[in-house]
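Coordinate inspection notes
If you want the building blocks of each chain, they are given just below.
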Amino acid sequence: MAHSGIEILWTGHNLVRLLVGLWTSVWIAGVSLILGLLVGLLFGLARTGKARLVNGILWLYLQFFRIVPTVVLLFLVYYILPRQFNLNWPASWMAVLAFTLWVAAEFSDVVRGALTSVPKHQIEAGQALGLSQGQLFWYVKLPQAWRLALPATVNLATRVIKTTSLLLMISVMDVINIGQQIIEANNQTHPNGVFWSMGSLCCCISLLIIR
Amino acid sequence: MTTPILTVSHLNQYYGDWQALHDINFVIAPGEVVALLGPSGSGKSTLIRTLNGLEPLHDGEITFQGKPVDPKKWPELRQKIGMVFQSYDLFPNLTVLDNITLAPQKVQHRSRADAEAEARQLLERVGLADHAQAYPRELSGGQQQRVAIVRALAMHPDLMLFDEVTASLDPEMVRGVLAIIKELAVQDQMTMVIVTHEMNFAAQVADRVLFLENGRLVETTPAKQFFAQPQSDRAAEFLTSMDF
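Residues numbered from 1 in each chain as written. Chains lettered and ligands numbered in written order. Predicted model: local features only at pLDDT ≥ 70, side-chain atom pairs only at ≥ 80, totals over all residues. Heavy atoms only, no water.

1. A few points about the environment of Ile 100 of chain B
Residue and element names in this part refer to chain B. Here is the rule we go by: Helical segments are the DSSP runs of H or I of at least four residues, strand segments are the runs of E of at least two, and each set is numbered from the N terminus. Accessible area is worked out with a 1.4 Å probe on protein chains only. A residue is then buried under 20% of its type maximum, exposed over 50%, and partly exposed in between.
As for its placement among the helices and strands, Ile 100 is situated in helix 3 (residues 96-106). Judged by its relative accessible area of 1%, Ile 100 falls in the buried class. When the C-alpha positions of Ile 100 and Arg 125 are compared, they lie 14 Å apart, and in sequence the two are 25 residues distant.

2. Brief notes about the confidence of the model for chain A
Interpretation of this model should avoid reading the predicted coordinates in detail wherever pLDDT is low. Spelled out, the test is: Think of pLDDT as the predictor's per-residue confidence, scored from 0 to 100.
Averaged over all residues, the pLDDT of chain A equals 86, while 98% of them reach at least 70. Highest mean pLDDT in chain A belongs to helix 6 (residues 120-128) of chain A (94); lowest belongs to helix 1 (residues 7-10) of chain A (74).

3. Focus: the packing of helix 5 (residues 91-117) of chain A against helix 7 (residues 133-163) of chain A
Residues and elements named next belong to chain A. Heads up, the condition is: Whenever a helix is involved, its axis is fitted only over the stretch in contact; in every case the axis is a line through C-alpha atoms, and angles between N-to-C directions fall within 0 to 180 degrees. Handedness of a helix crossing follows the sense of rotation of the near helix relative to the far helix, less than a right angle counterclockwise being left-handed and clockwise being right-handed. Two residues qualify as a contact provided that any one of their heavy atoms is within 4.5 Å of a heavy atom in the partner residue. Under the grouping applied here, Gly and all other residues not named as nonpolar or charged are polar, the nonpolar ones being Ala, Val, Leu, Ile, Met, Phe, Trp, Tyr, Cys and Pro and the charged ones Asp, Glu, Lys and Arg.
Running from N to C, helix 5 and helix 7 point in directions that differ by 145°, and their axes come no closer than 8 Å. Crossing hand, helix 5 versus helix 7: right-handed. Along the contact surface, helix 5 presents Phe 99, Trp 102, Val 103, Glu 106, Phe 107, Val 110, Ala 114, Leu 115 and Ser 117, while helix 7 presents Phe 137, Lys 141, Ala 145, Leu 148, Ala 149, Ala 152, Thr 153, Leu 156, Arg 159, Val 160 and Thr 163. Of the residues in the contact of helix 5 with helix 7, the class split is 14 nonpolar, three polar and three charged.

4. Brief notes about the pairing of strand 3 (residues 33-37) of chain B
All names here are of chain B. Quick note on the threshold: Strands are treated as partners if at least two bridges between them are detected by DSSP.
With five of its five residues buried, strand 3 lies for the most part within the structure. Going residue by residue along strand 3, you find Val 33, Ala 35 and Leu 37 tucked away on one face and Val 34 and Leu 36 tucked away on the opposite face as well. As paired strands, strand 3 and strand 8 (residues 191-195) are joined by four bridges and run parallel to one another. Across the sheet, residue Ala 35 finds its bridge partner in strand 8, namely Ile 194. Here strand 3 runs beside strand 9 (residues 208-213); their pairing, made up of four bridges, is parallel. Each bridged residue has a counterpart across the sheet, and for Leu 37 the counterpart in strand 9 is Phe 211.

5. Notes on the side chain of Thr 196 of chain B
Residue and element names in this part refer to chain B. Defined as follows: A 3.5 Å cut-off defines polar contacts: any pair of N or O atoms within that distance qualifies, except that in protein one atom must be a possible hydrogen donor and the other a possible acceptor, and neighbouring residues in sequence count only when both atoms are side-chain atoms.
Tracing the chain through its elements places Thr 196 in the loop between strand 8 and helix 7 (199-205). The exposure class of Thr 196 is buried, given its relative accessible area of 5%. At a separation of 2.9 Å, a polar atom in the side chain of Thr 196 contacts the main-chain amide nitrogen of Glu 198. Beyond its immediate sequence surroundings of up to four residues, Thr 196 is in contact with Leu 36, Leu 37, Phe 201 and Ala 202.

6. Some words on the interface of chain A and chain B
Keep this limit in mind: For salt bridges, the criterion is a side-chain nitrogen of Lys or Arg within 4 Å of an Asp or Glu carboxyl oxygen.
Listed by partner, the interface residues are 17 residues for chain A and 21 residues for chain B. If you look at where chain A meets chain B, you find one salt bridge. With a closest N to O distance of 2.7 Å, Glu 124 of chain A and Arg 49 of chain B form a salt bridge. There are five residue pairs in polar contact (both at pLDDT 80 or more) connecting chain A and chain B. For the side of chain A that touches chain B, the secondary structure elements donating two or more residues are helix 6 and helix 7 of chain A. Among the elements that line the side of chain A that touches chain B, the one with the most residues is helix 6 of chain A, at eight residues.

7. Details of unusual backbone geometry
At His 156 of chain B, a residue that is not glycine, the phi angle is positive and equals roughly 55°. Topologically, His 156 of chain B is positioned in the loop between helix 5 (141-153) and strand 7 (159-163).

8. What to know about the pattern of salt bridges
Note that side chains of opposite charge can pair when their charged atoms are close. Residue and element names in this part refer to chain A. By the definition in use, this model includes 16 salt bridges over all chains. Asp 109 is paired through a salt bridge with Arg 66; the nearest N and O atoms lie 2.8 Å apart. Taken together, the residues Asp 109 in helix 5 and Arg 66 in helix 3 (residues 52-67) connect sequence positions 43 residues apart. A residue is classified by how much of its surface remains accessible, and Asp 109, at 17% relative accessible area, is buried. For the salt bridge of Glu 124 with Lys 120, the shortest nitrogen-to-oxygen distance reads 3.4 Å. Taken together, the positions of Glu 124 and Lys 120, both in helix 6 and four residues apart, correspond to about one turn of that helix. For Glu 124, a relative accessible area of 5% puts it in the buried group.

9. Things to note about the packing of helix 3 of chain A against helix 5 of chain A
All names here are of chain A. In plain terms, the rule: In this scheme, roughly parallel covers angles under 35 degrees and roughly antiparallel covers those over 145, while 65 to 115 is roughly perpendicular and the rest are oblique.
Close contact between helix 3 and helix 5 brings their axes to 9 Å; oriented N to C, the two are set at 120°. Here helix 3 is positioned oblique relative to helix 5, judged by the angle of their axes. The two elements helix 3 and helix 5 meet at a crossing, and its hand is left-handed. In this structure, helix 3 uses Tyr 61, Leu 62, Phe 65 and Arg 66 to contact helix 5, whose residues at the interface are Leu 101, Trp 102, Ala 104, Ala 105, Glu 106 and Asp 109. Partitioning the contact of helix 3 with helix 5 into residue classes produces seven nonpolar, no polar and three charged.

10. Quick look at helix 4 (residues 70-85) of chain A
All names here are of chain A. Put simply, the rule reads: To obtain the bend at a residue, axes are fitted to the seven residues ending there and to the seven starting there, and the angle between these axes is taken.
At Tyr 79, helix 4 shows its largest kink, close to 30°, and the proline Pro 82 lies no more than four residues downstream. If you check which residues of helix 4 are buried, you get Thr 70, Leu 73, Leu 74, Val 77, Leu 81 and Pro 82. Where the residues of helix 4 are buried, they touch helix 3, helix 5 and helix 7. Count one or two residues on from helix 4 and you reach Asn 86, which has phi positive near 55°.

Rendered as structure tokens:
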């Protein structure tokens, strides 16, 4: 295998550039998840409340982010916000904004679903012991809802990480974007370069996660 | 005469348009054991759940220890009214010991050591001392129900409500649970309201029977008399149908 193409990883600063791109993807996903889960938690709690108007608004909010494709969201924050609202943030922070709003919407429904899935009998058992509303929430609902919410939350997190691949659409130099550049620059001499620039990285990350 | 623990007067309960209870009146004296009997759908569960506010009070009055109940005060009053359910409803994320000590610590602000010491003592009494650190799912139905009784007792209630506590247990488990309730009646003079389908048990433990049908209190009779010679035809029919 004289021309496997692995050397493109060692050519110039390619490996470093890929790792920098990876870091960009990771921090955008990480910050969006942290912020989105916090906001989503608040929204989810609000949706288990009795305020109809708040419920309605949050429901519309959820549906909006559920229906609109993520690419469109990214375009909205990247092209419309600066023009209409004169909001000029760097592209990566725009991406964080879009992802945060999206995660908040999806997670609010996870929280609401988990809290309302705690069996009514459990609540009544707590009430019969004289627990106050706050104590019921803290000692009965939350620990049980947490377990119910965990699988869906992990699922949401993996979706967010995978969706960072769309960041190249708004010119964020994430790992996919840089990989693409490397592939295109070396396509003539190293047609198998894609295998190394993307494939090896993806394999390594996947193996790390599985471990 | 001592103050009754509980007085229910002119109680009507509705689910939407459907009236579940019609003009219920009765008084429970301290130390009395009252069995709430009646066919399925007669309103027994609705009635017993109304007694600690799990069903909102629509119409009528409940007095507890001489004071009219203010629905806003239920959380406070429930400390004095223990309840045990058909489905045990232990908290699955807590050990047996934590299930029992949660409310004494959080609601009554007792120290952990104090609450635990009492919990262990009560567990000993129901023969579950070895299971303090177990999780509810590791216990049999009968064991879970005994823990649920202990959990209610740990709050030092003045009144205990039992809502079909043996209905979802295997027959061999029933005896242990009923023995505990009987012991509470005899040794502790605990005031109790018991909804049950175990007629033999009701006959043994109850001082008085309230017989409900279609949401109406058909008969209030001392237990001995009720089982020997019920006053209403409907109750007689009911007892015959249960006895086979």
